[in-house]
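This is what each chain is made of:
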Amino acid sequence: MIAPHASSAPATARTVTKAVVPAAGLGTRFLPATKATPKEMLPVVDKPAIQYVVEEAAAAGLDDVLMVTGRHKRAIEDHFDNAFELEQALAAKGDAVRLDAVRDPARLANIHHIRQGEPLGLGHAVLCARRHVGDQPFAVLLGDDLIDPRETLLSRMLDVRDQYSGSVVALMEVPPEQIHLYGCAAVEATGEDDVVRVTGLVEKPSRENAPSAYAVIGRYVLDPAVFDTLERTPPGRGGEIQLTDALQELAAGGTVHGVVFDGLRYDTGDKADYLRTVVRLACDRDDLGPEFVAWLKEFVAGLEGETVTGRRQLAA
């Protein structure tokens, strides 16, 4: 089992203490597995994907987490609650390792839940957090977008927010043929290599209309001014209220910056990337890695051997 990561937040108090985790999506890309199980609860080795997200927030010093869920997401609420009967059974067996693993989710932060009544998009999900967040800046972490636990992207974004104020988005350079899958940012350089000023945003542009190769990935640090902007943002692409559209308006006022990230990120909402995530994180585990890597090498060698054999048979 992996223990929760220690906070990488600096000793000085953060101006941002709250995180919002939108997790109300239907998970249609993973049907039928997500018919009764929230996509955010699909296991990545031995923890649900959303637990990695909450651990990331806690490691950056954000101790107040609001999850925006839906009617079919009760399992998320249960996971971050205490499970008294299970804890008592493990305690009676003296199984301290599993007992800690069961208790850890509820101890990561002060976790709250609210339901998004209608699936009206990411912008609407963020707007649902307005009463909880109030007039404070806050982070948004998408529930199926994982940043490797060894990376410090969120802490860097919080530092940039402290330095520049306004809102901060995470950007990652992607191949031109993939830019249509993301919001895309038009940017200007600043005096820092990993920080840019965002001058415009386009939701899922075509390759020809993309203003850059910088895609917006699922981490944001938002100024509370975004709420007023979202209130007047009409439904956009897909009939949903797009957070990108609201940030476009803020960017026009010069109040949005981007942190360019080139580290390890996993999209667990995509089937192939979900499988890659499980394999990579399993390989990195001290308790699983050595045995699993050895098996994986044998398995891949066997596949290559089968390919060669198949070619020989075809040639014959």
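No experiment lies behind these values; they were computed from the predicted model shown.

Visitor: Please set out the packing of helix 3 (residues 84-93) against helix 4 (residues 96-107) residue by residue, giving values where relevant.
Guide: It is the contact of helix 3 with helix 4, at a shortest axis distance of 9 Å, that shows an interaxial angle of 160°. The orientation of helix 3 relative to helix 4 falls into the category roughly antiparallel. Seen along the crossing, helix 3 lies across helix 4 with a hand that is left-handed. Here helix 3 contributes Leu 86, Glu 87, Leu 90 and Ala 91 to the contact with helix 4, which in turn contributes Arg 98, Leu 99, Val 102 and Arg 103. For the contact of helix 3 with helix 4, a count of residues per class yields five nonpolar, no polar and three charged.

Visitor: Can you break down unusual backbone geometry residue by residue, with the values?
Guide: The peptide bond linking Leu 31 to Pro 32 adopts the cis configuration, its omega dihedral lying at 5°. By the secondary structure assignment, Pro 32 is in the loop between strand 1 (18-22) and strand 2 (43-44). Positive phi values are uncommon outside glycine, yet Val 45 reaches one of about 65°. In this model, Lys 204 sits at a positive phi of 50°, which is unusual for a non-glycine residue. Structurally, Lys 204 is set in the loop between strand 10 (195-203) and strand 11 (214-222).

Visitor: Explain a nonpolar patch on the surface to me, using residue names and the numbers behind them.
Guide: On the surface, a cluster of nonpolar side chains totalling about 370 Å² of accessible area is made up of Trp 295, Phe 299, Val 300 and Leu 303. With respect to the helices, strands and loops of the structure, Phe 299 is situated in helix 11 (residues 289-315). Classification of Phe 299 as partly exposed rests on a relative accessible area of 40%.

Visitor: I'd like to hear about the packing of aromatic side chains, residue by residue, with values.
Guide: Summed over all chains, the structure comprises four aromatic pairs. Taking 5.5 Å as the distance between ring centres and 80° as the angle between the ring planes, the aromatic pair formed by Phe 30 and Tyr 274 counts as edge-to-face. Of this pair, Phe 30 sits in the loop between strand 1 and strand 2 while Tyr 274 sits in helix 10 (residues 271-284); the two residues are 244 residues apart in sequence, bridging distant segments of the chain. Taken as a pair, Phe 30 and Tyr 274 share a single burial class, namely buried. Where Phe 138 meets Phe 227, the ring centres are 5.1 Å apart and the plane angle is 5°; that geometry is what we call stacked. Placement of Phe 138 in strand 6 (residues 138-141) and of Phe 227 in helix 8 (residues 225-231) is noted, with a sequence separation of 89 residues between them. The class for Phe 138 is buried, based on a relative accessible area of 0%. Linked through ring pairs, Phe 292, Trp 295 and Phe 299 together constitute an aromatic cluster. If you follow Lys 47 out to its NZ or CZ, it ends over the ring of Tyr 52, 4.3 Å from the centre.

Visitor: Which residues make up the side chain of Asp 273, and what are the values?
Guide: Its location among the elements puts Asp 273 in helix 10. Those residues within four positions of Asp 273 in sequence are excluded, and the remaining contacts are Tyr 266 and Asp 267.

Visitor: Just give me the short version of the pairing of strand 1, but keep the residues and values in it.
Guide: With respect to burial, strand 1 is a largely interior element, five of its five residues being buried. Of the two faces of strand 1, the one lined by Lys 18, Val 20 and Pro 22 and the one lined by Ala 19 and Val 21 are each fully buried. Looking at chain direction, strand 1 and strand 4 (residues 64-69) are connected through five bridges and run parallel. Note on strand 4: the bridge partner recorded for Pro 22 is Val 68. Here two bridges tie strand 1 to strand 6, and the two strands are oriented parallel to one another.

Visitor: Can you break down the pattern of salt bridges residue by residue, with the values?
Guide: Per the counting criterion, the structure on display carries 23 salt bridges. Residue Asp 46 is joined to Arg 285 by a salt bridge in which the shortest nitrogen-to-oxygen separation is 3.1 Å. Of the two residues, Asp 46 is situated in the loop between strand 2 and strand 3 (47-48) and Arg 285 in the loop between helix 10 and helix 11; the sequence distance between them amounts to 239 residues. Judged by its relative accessible area of 5%, Arg 285 falls in the buried class. Connected via shared salt-bridge partners are Asp 46, Arg 285 and Asp 287.

Cut-offs used in this document
- Residues numbered from 1 in each chain as written.
- Predicted model: local features only at pLDDT ≥ 70, side-chain atom pairs only at ≥ 80, totals over all residues.
- Heavy atoms only, no water.
- Axes fitted to C-alpha atoms, helices over the stretch in contact; angles between N-to-C directions.
- Helix = DSSP H or I, 4+ residues; strand = E, 2+ residues; numbered from the N terminus.
- Parallel < 35°, antiparallel > 145°, perpendicular 65-115°, else oblique.
- Left-handed = near helix turned anticlockwise from the far one by under 90°.
- Contact = heavy atoms within 4.5 Å.
- Nonpolar A, V, L, I, M, F, W, Y, C, P; charged D, E, K, R; others polar.
- Patch = residues over 30% accessible without salt bridge, like charges linked within 9 Å, V, L, I, M, F, W, Y side chains within 5 Å.
- Areas by Shrake-Rupley, 256 points an atom, 1.4 Å probe, with all protein chains shown as cover.
- Salt bridge = Lys/Arg side-chain N within 4 Å of Asp/Glu carboxyl O.
- Buried < 20%, exposed > 50% of the residue type's maximum accessible area, 1.4 Å probe, protein only.
- Phe/Tyr/Trp six-rings, centres within 6.5 Å; stacked < 30°, edge-to-face > 60°.
- Lys NZ or Arg CZ within 6 Å of the ring centre and 35° of its normal.
- Pairing = 2+ DSSP bridges.

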